[in-house]
Amino acid sequence: MNLSFQSVIRLNNGVEIPRLGFGVWQAKNGEEAENAIGYALEAGYRHIDTAAVYGNEESVGRAMKKSGLKRNEIFLTTKLWNADQREHRQMKAFEESLARLDTDYVDLYLVHWPVGGCISETWKVMEEIYRSGRARAIGVSNFKIYQLEELLMGAEICPAVDQMEFNPCMQDNELLAFCRERGIAFEAWSPLGSGAFTRDNTAVQIGKKYGKSGPQVILRWILQKDIIVFPKSVHKNRIEENRNLFDFELTEEECALLDAMNCGKRTGPDPDCVDF
Ligand SMILES: NC(=O)c1ccc[n+]([C@@H]2O[C@H](COP(=O)([O-])OP(=O)(O)OC[C@H]3O[C@@H](n4cnc5c(N)ncnc54)[C@H](OP(=O)(O)O)[C@@H]3O)[C@@H](O)[C@H]2O)c1
């Protein structure tokens, strides 16, 4: 599989998204997040995944400016929070994100979680945002099949992306197949289980053959599944480690070992139980 750091996936509206990005959940707004994003941009990452609720959109905006890169050289994702759906302030929340990010558009805007009773109302606003040109693509996060079906029933625009927890222990292959059939690109959140799998023995053993770490093996395994991924770290050495995924290729047998770890155990919340 011929992949490079510059490899992209073409979304269902033709927009291209870098397959490997940088996640910033739990990177503290201010010096920590700004430095981490600075290291990532310096290391060549051109795709940042944030969210209003991460509280660090200002740092993302500042780090992008500081990098000296042109806005259109960076693929930027942010997300609409649940309370803003319940309070019918989807458009206002989007505009507040743009202001905090200090940009006039995002590359991808996602509904962070499916909120019961709000799915079609929220998606209508997402479509309006897309039509205004201030989001180059729109999508969802944490939508299971039945929630996507509900959304699709009233949708004029099909989501470009579904972002879902995906790691060795949590592989929803049915959802992945459903998305593929409909041209919805799949993004993996918590690829390292928010740190839980960084020392996973299966991955570490596989990595020995290639001189690669456990995290590198897991990230490469996800990329080889044609899934978009954005590991988070605030450490320069790990940020660099996590992008060095393109000088080795896992065999089918090695991928099967990681596939076999799937037990449906989540590290994050189940989208059926969103009460936040
Ligand atoms: N849509 C959603 O609901 C949702 C939910 C969760 C996450 N996400 C997105 O997905 C991104 C990634 O998920 P995540 O932040 O949960 O966690 P993750 O990327 O699975 O793991 C990050 C954790 O692993 C550590 N780590 C990273 N690289 C490492 C390495 N090479 N060696 C050892 N430790 C390493 C980090 O520590 P240090 O930072 O200390 O280095 C951090 O504690 C998020 O940042 C966010 O953008 C989305």
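Residues numbered from 1 in each chain as written. Predicted model: local features only at pLDDT ≥ 70, side-chain atom pairs only at ≥ 80, totals over all residues. Heavy atoms only, no water.

In the nomenclature of an unreviewed UniProt entry, the chain corresponds to Aldo/keto reductase from the organism Qiania dongpingensis. If you open the UniProt record of the chain and go to Sequence similarities (unreviewed entry), you find "Belongs to the aldo/keto reductase family." (UniProt positions renumbered as here; feature names shortened; annotations may be inferred.)

Caption draft 1: Examining the overall build of the chain more closely. The helix and strand tally for the chain stands at 11 helices and 10 strands. By the compact-globule yardstick of 19 Å for 276 residues, the chain fits well, its C-alpha radius of gyration being 18 Å. Once the C-alpha set of the chain is aligned to its principal axes, its extents read approximately 50 × 40 × 35 Å. In the chain, buried positions account for 55% of the 276 residues. Sequence separation of at least 24 residues holds for 75% of the intrachain contacts in the chain that already meet a minimum separation of 6. Between the centroid of the 33 positive side chains of the chain and the centroid of its 41 negative side chains there is a distance of 5 Å. (Helix = DSSP H or I, 4+ residues; strand = E, 2+ residues; numbered from the N terminus. Rg over C-alpha atoms; globule rule 2.2 N^0.38 Å. Buried < 20%, exposed > 50% of the residue type's maximum accessible area, 1.4 Å probe, protein only. Contact = heavy atoms within 4.5 Å. Lys, Arg positive; Asp, Glu negative; His and termini not counted. Charge placed at Lys NZ, Arg CZ, Asp CG, Glu CD.)

Caption draft 2: How the structure looks around unusual backbone geometry. Positive phi is not limited to glycine here, since Ser190 has a value of about 45°. Position of Ser190 relative to the elements: it lies in the loop between β9 (185-189) and α8 (201-208). Here Ser194, not a glycine, exhibits a phi torsion of approximately 55°, which is positive.

Caption draft 3: Local environment of α8. The set of residues buried in α8 consists of Ala203, Ile206 and Gly207. Projected down its long axis, α8 shows its buried positions confined to an angular sector of 100°, all on one face. Facing away from the buried side of α8, by more than 90 degrees, are the exposed residues Asn201 and Lys208. Buried residues along α8 sit against α9 (214-224) and α11 (252-259). (Arc of directions from axis to C-beta.)

Caption draft 4: Structural context of the site of the ligand. Around the ligand lies a shell of 29 residues, among which Asp49, Ser190, Ser194, Ser233 and Arg238 are the nearest. Val234 has a polar backbone atom sitting 3.0 Å from an oxygen atom of the ligand. The side chain of Glu241 places a nitrogen or oxygen atom 3.2 Å from a nitrogen atom of the ligand. Taken together, the residues of the shell around the ligand break down into 11 nonpolar, 13 polar and 5 charged. (Near = heavy atom within 4 Å. Polar contact = N/O pair within 3.5 Å; in protein donor to acceptor, adjacent residues only side chain to side chain. Nonpolar A, V, L, I, M, F, W, Y, C, P; charged D, E, K, R; others polar.)

Caption draft 5: Representation of the nonpolar core. Ranked by size, the top nonpolar core spans 71 residues in total, and within it Ile37, Ile48 and Tyr109 carry the most contacts. Not counting residues up to four positions away in its chain, the partners in contact with Ile37 are Phe22, Val24, Ile48, Ser59, Val60 and Ala63. Of all hydrophobic cores here, the second largest spans 17 residues; its members include Val15, Trp81, Trp113 and Val274. (Core = buried A, V, L, I, M, F, W, Y, C linked by side-chain atoms within 4.5 Å.)

Caption draft 6: Spatial organisation of the pairing of strand β5 (residues 75-80). For β5, a buried count of 6 out of 6 residues is recorded, marking the element as mostly surrounded by other parts of the structure. In this fold, strand β4 (residues 47-49) hands off to helix α2 (residues 57-67), which returns the chain to β5; that crossover is right-handed. Bridging between β5 and strand β6 (residues 108-111) involves 4 bridges; their strand directions are parallel. By the bridge assignment for β6, Thr78 is matched with Tyr109. (Right-handed = clockwise from strand over helix to strand, strands pointing away. Pairing = 2+ DSSP bridges.)

Caption draft 7: Broad picture of α9. Most of α9 sits inside the fold, with 11 of its 11 residues counted as buried. Within α9, burial applies to Gly214, Pro215, Gln216, Val217, Ile218, Leu219, Arg220, Trp221, Ile222, Leu223 and Gln224. Turning to α9, the residues buried within the fold contact β9, α8, β10 (228-229), α10 (236-241) and α11. Of the residues flanking the end of α9, it is Asp226, one or two places downstream, whose phi is positive at about 65°.

Caption draft 8: Representation of the pattern of salt bridges in the model. Applying the stated criterion across every chain, the model contains 23 salt bridges. Between Glu96 and Arg89 there is a salt bridge, with its nearest N and O atoms 2.7 Å apart. A salt bridge links Lys212 to Asp247, with the nearest nitrogen and oxygen atoms 2.8 Å apart. Taken together, the residues span a long stretch of sequence, with Lys212 in the loop between α8 and α9 and Asp247 in the loop between α10 and α11 at a distance of 35 residues. Residue classification places Lys212 among the buried residues on the basis of a relative accessible area of 13%. Three or more residues joined by partner-sharing salt bridges are found here, namely Asp84, Arg89, Lys92 and Glu96. (Salt bridge = Lys/Arg side-chain N within 4 Å of Asp/Glu carboxyl O.)

Caption draft 9: View of the side chain of Gln85. Among the secondary structure elements, Gln85 is positioned in helix α3 (residues 82-86). Here Gln85 is in contact with Leu80, Gln90, Val111, Trp113, Val115, Cys118, Glu121 and Thr122, once residues within four sequence places are set aside.

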